[in-house]
Number of protein chains: 2
Amino acid sequence: MTATTPEPPVDVPGRTMAREMAEQPAVLRRLLDEGAPAIRQVAQAIAARRPRFVLLTARGTSDNAALYAKYLLEIRLGLPCGLTSMSTTTAYGARPDLTDVLVITVSQSGGSPDLVASTRAAREAGAITLAVTNNPDSPLAGVSEYHVDVMAGPEKALPATKTYTASLLALYLFVEGLRGGDGAAAKQLPELAEQLLARQDEVRALAARYRFAERMVITSRGYGYPTAKEAALKLMETSYIPALSYSGADLLHGPLAMVDNVSPVIAVVTDGKGGEALQPVLDRLRGRGADLFVVGPAHQVEQASAGFVLPTEGVAEEVQPILEIIPLQLLAYEVTIARGQDPDAPRALAKVTETH
Amino acid sequence: MTATTPEPPVDVPGRTMAREMAEQPAVLRRLLDEGAPAIRQVAQAIAARRPRFVLLTARGTSDNAALYAKYLLEIRLGLPCGLTSMSTTTAYGARPDLTDVLVITVSQSGGSPDLVASTRAAREAGAITLAVTNNPDSPLAGVSEYHVDVMAGPEKALPATKTYTASLLALYLFVEGLRGGDGAAAKQLPELAEQLLARQDEVRALAARYRFAERMVITSRGYGYPTAKEAALKLMETSYIPALSYSGADLLHGPLAMVDNVSPVIAVVTDGKGGEALQPVLDRLRGRGADLFVVGPAHQVEQASAGFVLPTEGVAEEVQPILEIIPLQLLAYEVTIARGQDPDAPRALAKVTETH
């Protein structure tokens with residue numbers, strides 16, 4: 001027998017999720033270096049067909065990526081958008097006239113039968129169809145007229161991490177391509193993502209706050225709102241803490257009743273107009289003595305109970321979501337470890353969810 | 001001094017909410033008898049302008065009514081729809097081209113400044129604008145080209161109840177008017193609503209199950225999904241129980257990890273295609289031994305841990321949401337009373353929420 005460096009034991013909790021989170025800078029870099037030209041070509045072909053409306057179809061983590069694209073399309077392109085209620089097609093057989101409509105379906109696996117069925121129906125109804133997936137050989141990619149590959153490599157952990165940030169970047173590059181922009185704001189993301197991941201010890205210390213939390217509220221506005229929803233999903237599917245996400249405006253319309261000094265709040269504050277629009281909500285939360293954890297620029301974190309400072313100086317607001325989810329992925333991971341659970345093995349979940 | 005019948009003491013918890021829930025059959029009847037002709041006229045005027053796409057704008061309870069309208073418009077009219085991300089207009093100044101777009105804004109008070117601003121912007125951008133409110137003299141009604149009055153009378157309790165069912169019925173009648181239908185399926189709703197309200201004792205007994213619940217999951221599919229969201233909002237804003245709502249398909253994509261025998265699940269099962277599409281989710285929940293409470297037809301309640309039987313025989317699926325929320329409003333009320341709290345006085349909420 002020869003001595004070899006032992007592999008880490010396979011049963012270290014969260015090993016797979018940790019490895020895939022750590023891959024994110026490399027995934028973003030690959031997409032920028034190797035994927036961007038193909039995405040630009042797809043965008044130019046679709047722009048030439050002048051879609052007037054966009055419908056976005058997705059589930060779970062991919063639905064949060066689709067919501068990010070909705071903000072980009074509405075704000076940067078002025079295209080009216082909707083998120084699909086899939087059952088209207090798959091259960092009720094609705095066949096709307098989709099002439100001039102771009103239907104974007106986002107799915108990590110590209111394998112869910114209802115997404116394939118609804119995309120096929122959309123194409124038959126006259127839509128321009130685009131699939132954004134991590135698998136160019138998937139049934140969804142096959143049934144769509146256009147395909148964008150997010151190039152994240154195989155994702156094995158049940159909680160999706162690298163496919164989420166890769167989908168955001170791919171959608172950003174696609175929307176930039178539609179509007180004839182160069183996507184330069186994304187260039188610094190791989191390096192900044194690396195810096196965030198290097199601060200895992202900081203997140204571990206912060207995670208102790210939530211070890212015994214029975215519920216959490218996560219809020220944001222504008223570009224940060226998809227981050228709030230994705231952070232809530234990540235926390236729930238790893239730690240099982242009921243995490244409720246609301247846009248800041250919706251929070252004031254009811255759920256605020258639930259926030260008091262035993263319901264911690266996480267606010268995702270993008271540095272820009274979204275953060276400005278969230279300001280009255282932050283003031284109200286502070287006025288109620290809420291335990292407020294801010295992920296955002298330094299001046300916002302200083303006014304909160306705790307927080308994680310994001311490097312936002314010189315980072316365009318519309319690409320900040322690609323960074324701001326990373327400390328929240330780490331938080332979900334660390335809270336779950338602190339609670340003695342395994343982030344890689346949520347109860348009851350299958351990686352490819354087959355909904356019909 | 002002469003003897004008079006004493007008024008009930010003003011501090012009975014939940015007095016206002018109870019009175020307004022009880023008014024619902026009369027409100028529905030008034031809308032059918034007195035409101036329907038005006039709604040049909042508005043619908044005919046808008047139909048003549050042939051909108052190709054519908055955007056729905058609302059917050060809180062009204063957002064759940066807007067989601068119901070989205071299902072109706074997609075399924076019964078084949079019109080592609082989206083729910084507005086309001087901050088794209090109010091915070092980011094997006095000005096999409098809204099030619100051929102019908103923008104429907106739903107608001108009980110018609111008073112929220114951001115709804116007024118986004119509707120004004122939509123009208124300037126070429127949209128056909130329709131406000132659905134409980135106040136024809138409101139700023140929102142004033143700024144919109146068309147208005148539908150839900151005629152629910154003043155609503156004083158903070159948790160909206162009668163304005164919700166009235167908004168659903170008004171939106172149903174509007175969509176029926178758009179497609180040239182007669183809305184006959186709604187005729188029996190006032191009487192059925194009365195029968196449901198008469199079963200409050202039954203709900204009170206069921207509420208004991210949730211007195212000590214620390215979280216709840218509420219699920220549905222299709223037409224019942226807005227009911228699930230509204231029930232979760234109602235439970236949260238009265239009892240402060242974190243209530244998470246998911247479409248059945250989304251529940252399988254992550255949050256199912258949170259469901260076990262200590263996380264009770266409420267399933268809203270409409271009798272029709274929505275209920276059929278939910279069936280695999282119900283089977284999965286039963287397979288996990290979840291505590292499953294069903295609001296739906298008798299044969300579905302029989303297979304659950306507990307439930308409330310809805311009269312669905314002969315009731316068209318698309319109007320069932322107007323009934324199925326009623327036992328869930330009662331449940332929110334009774335759970336809150338059982339926990340020693342006051343459903344009329346949620347912490348921190350104002351009736352007209354001014355978000356900008």
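Residues numbered from 1 in each chain as written. Chains lettered and ligands numbered in written order. Predicted model: local features only at pLDDT ≥ 70, side-chain atom pairs only at ≥ 80, totals over all residues. Heavy atoms only, no water.

Asks: Help me understand the environment of Asp137 of chain B, please; the structure alone is not making it clear to me.
Replies: All names here are of chain B. Summarising the element assignment, Asp137 is placed in the loop between strand S4 (128-133) and helix H6 (139-143). Residue Asp137 is classed as exposed on the basis of its relative accessible area, which comes to 71%. Separated by 50 residues in the primary sequence, Asp137 and Lys187 place their C-alpha atoms 28 Å from one another. (Helix = DSSP H or I, 4+ residues; strand = E, 2+ residues; numbered from the N terminus. Buried < 20%, exposed > 50% of the residue type's maximum accessible area, 1.4 Å probe, protein only.)

Asks: In this structure, what is going on with the relation of the copies chain A and chain B? I would like to understand it.
Replies: Note: a rotation about an axis with an accompanying shift along it relates these two copies of the chain. Between chain A and chain B, the superposition needs a rotation of 180° and an axial shift of 0.0 Å, giving an RMSD of 0.0 Å. Here the two chains are linked by the operation of a two-fold rotation axis. Rotation axis and chain A: the residue whose C-alpha lies nearest the axis is Gly82 of chain A, separated from it by 1.7 Å. A high fraction, 99%, of the interface residues of chain A reappear at the interface in chain B, so the copies pair face to face through one surface. (Least-squares fit on C-alpha atoms with pLDDT ≥ 70 in both. Contact = heavy atoms within 4.5 Å.)

Asks: Mind showing me how you'd approach helix H10 (residues 225-239) of chain B here?
Replies: What sets the pattern is the α-helix's 3.6 residues per turn: residues three or four places apart point alike. All names here are of chain B. Helix length check: H10, at 15 residues, gives a terminal C-alpha distance of 21 Å against a target of 21 Å (1.5 Å per residue), a fit within 8%. Among the 15 residues in H10, 14 count as buried, and that is most of the element. Immediately beyond the C-terminal end of H10, within one or two residues, lies Tyr240, with a positive phi of roughly 65°. (Expected span 1.5 Å × (residues − 1).)

Asks: Looking at this structure, I do not really get the confidence of the model for chain A. What am I missing?
Replies: Detailed reading of the predicted coordinates is not advisable wherever pLDDT falls low. Residues and elements named next belong to chain A. Model confidence for chain A is summarised by a mean pLDDT of 91, while 92% of its residues fall at 70 or above. Note that residues 1-6 has pLDDT below 50 and, in this model, zero contacts with residues that lie over four places away or in other chains. The complex prediction reports pTM at 0.93, with the ipTM value standing at 0.91. (pLDDT = per-residue confidence, 0-100.)

Asks: Explain the side chain of Thr89 of chain B to me, please; I cannot follow it from the model alone.
Replies: Within the secondary structure layout, Thr89 of chain B lies in helix H4 (residues 87-90). Setting aside residues up to four positions removed in sequence, Thr89 of chain B forms contacts with Ala94, Arg95, Ser118 and Ala121 of chain B.

Asks: Looking at this structure, I do not really get the packing of aromatic side chains. What am I missing?
Replies: How two aromatic rings sit relative to each other is given by the distance of their centres and the angle of their planes. Counted under the stated rule, the structure contains seven aromatic pairs over all chains. Look at Phe53 of chain A and Phe53 of chain B: their rings are 4.1 Å apart centre to centre, the planes differ by 0°, and that puts the pair in the stacked class. Of this pair, Phe53 of chain A sits in strand S1 (residues 53-57) while Phe53 of chain B sits in strand S1 (residues 53-57), placing the two residues on different chains. We classify Phe53 of chain A as buried; its relative accessible area is 1%. A centroid spacing of 6.4 Å and a plane angle of 50° characterise the contact between Tyr71 of chain A and Tyr223 of chain A, whose relative ring orientation is tilted. Highlighted residues: Tyr71 of chain A in helix H3 (residues 61-77) and Tyr223 of chain A in the loop between strand S6 (216-220) and helix H10 (225-239), separated in sequence by 152 residues. For the pair Tyr71 of chain A and Tyr223 of chain A, one class covers both residues: buried. What links up through ring pairs into an aromatic cluster is the set Tyr71 and Tyr223 of chain A together with Tyr92 of chain B. Cation over ring: Arg199 of chain A sits above Phe308 of chain A, and NZ or CZ is 3.9 Å from the ring centre. (Phe/Tyr/Trp six-rings, centres within 6.5 Å; stacked < 30°, edge-to-face > 60°. Lys NZ or Arg CZ within 6 Å of the ring centre and 35° of its normal.)

Asks: Any chance you could explain the nonpolar core here in plain terms?
Replies: Within soluble globular proteins, side chains that are nonpolar tend to cluster in buried spots. Membership of the largest hydrophobic core comes to 223 residues, with the highest contact counts inside it found for Ile104 and Phe174 of chain A together with Ile104 and Phe174 of chain B. Beyond its immediate chain neighbours, meaning those up to four positions away, Ile104 of chain B contacts Val54, Leu55, Leu56, Thr57, Leu73, Leu130, Val132, Leu171 and Phe174 of chain B. (Core = buried A, V, L, I, M, F, W, Y, C linked by side-chain atoms within 4.5 Å.)

Asks: When you look at the domain arrangement of chain A in this model, what are you seeing that I'm missing?
Replies: Interface size is often expressed as the accessible area that is lost when the parts come together. Residues and elements named next belong to chain A. Domain annotation of chain A identifies domain 1 (15-186) and domain 2 (199-338). Relative placement of domain 1 and domain 2: their C-alpha centres are 25 Å apart. Interface area for domain 1 against domain 2, summed over the two sides, is near 2000 Å², with a carbon-plus-sulfur share of 70%. Interface area lost by domain 1 to domain 2 is led by Asn64, Tyr68 and Tyr71, which between them contribute 24%. (Domains from an automatic or database assignment. Buried area = accessible area lost by both parts, 1.4 Å probe.)

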